[in-house]
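# Breakdown of the fold
Each chain, written out:
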Amino acid sequence: MDKKGIFIAFEGIDGSGKTTQIKKLFEAFKDMGRDAVMTREPTDGDIGKLLRSYLVGEKKADIRAIAPLFAADRLDHITSKGGILDLLDEGKAVLCDRYYLSSYAYQALDCDIDWVIEMNSMARELAKPDIHIFLDVPAEISMSRVESRGETELFEQLDRQKRVRENFFKMFERFCDSESILVFDGTKAPDILAQEILEAVRKYL
Ligand code: TYD
């Protein structure tokens, strides 16, 4: 891929602090005079909105039908006008809240992992992140954070979060040679963690 920007995906189980840390890194980029954009998956586009309606239980479908939608939403995110590829071409730092490692970790709860990986192979080919930042928190902490927000979605139950976390780590082992994955302790104070993330990211700039 011919790109000038930098692509950073944030990952973690629910309530791992991704949103806070993305905002902090975005501010740090701005302070450095670097053009950065925050984005997320599921996206705010048509497919992403449909996905969110499944996640909150407004709509129902078999999980095997939902899994390809995450991959479709991602491809739309990458290729649509003003999407990830365009932003990278413009030299932007693209900070994305969840990307294909989330599909690997979450959809593998209910679907064959190799099928999930295959469905995302085009996304991986078109726009592989320069860095995946994983914020690690125990499932118990993530659930207490999620509950305090007063919203629970399809995947937000303690035992599922534990299995998602395990799946993430299995994927880190599987892809350690082909993906750049940095794991951080998400239980640290937000400002200290933000500093550690920034120091690590600087090495890629
Ligand atoms: P998100 O809005 O990031 O939730 P939170 O802020 O609580 O982390 O993600 C919504 C849910 O979508 C989350 O439970 C994980 C799930 N998800 C998948 O299952 N597969 C995917 O590919 C993505 C991007 C998200």
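Everything below is about the structure shown above.
None of the values given here were measured: they were computed from a predicted structure.

Burial analysis of strand β4 (residues 131–136) places six of its six residues in the buried class, which makes it a mostly covered element. Burial along β4 is two-sided: the residues Ile-131, Ile-133 and Leu-135 and His-132, Phe-134 and Asp-136 are all buried. Where strand β1 (residues 6–11) and β4 come together, four bridges link them in parallel fashion. Along β4, the bridge assignment pairs Glu-11 with Phe-134. Note: β4 against strand β5 (residues 181–185), five bridges, orientation parallel. Across the sheet, the residue bridging to Asp-136 is Asp-185, located in β5.

A word on the layout of surface pockets. Approximately 780 Å³ is the volume attributed to the largest pocket. For the largest pocket, the lining is made up of 36 residues, of which Lys-18, Thr-19, Asp-97, Arg-98 and Arg-149 are closest to its centre. With six residues, helix α1 (residues 18–31) is the single largest residue contributor to the lining of the largest pocket. Residue composition of the lining of the largest pocket, by class: 10 nonpolar, 11 polar and 15 charged. Roughly 170 Å³ of volume is contained in the second largest pocket. Every element with two or more residues in the lining of the second largest pocket is listed here: β2 (36–40) and α3 (63–79). When its residues are assigned to classes, the lining of the second largest pocket shows one nonpolar, five polar and four charged.

Cut-offs used in this document
Residues numbered from 1 in each chain as written. Predicted model: local features only at pLDDT ≥ 70, side-chain atom pairs only at ≥ 80, totals over all residues. Heavy atoms only, no water. Buried < 20%, exposed > 50% of the residue type's maximum accessible area, 1.4 Å probe, protein only. Helix = DSSP H or I, 4+ residues; strand = E, 2+ residues; numbered from the N terminus. Pairing = 2+ DSSP bridges. 1 Å grid on protein atoms, 1.4 Å probe; cavity = no way out; pocket = protein on both sides within 12 Å on 5 of 7 lines; lining within 4 Å. Points joined across faces, edges and corners; volume = space filled by probe spheres on them. Nonpolar A, V, L, I, M, F, W, Y, C, P; charged D, E, K, R; others polar.

This is a description of form; function is not addressed.
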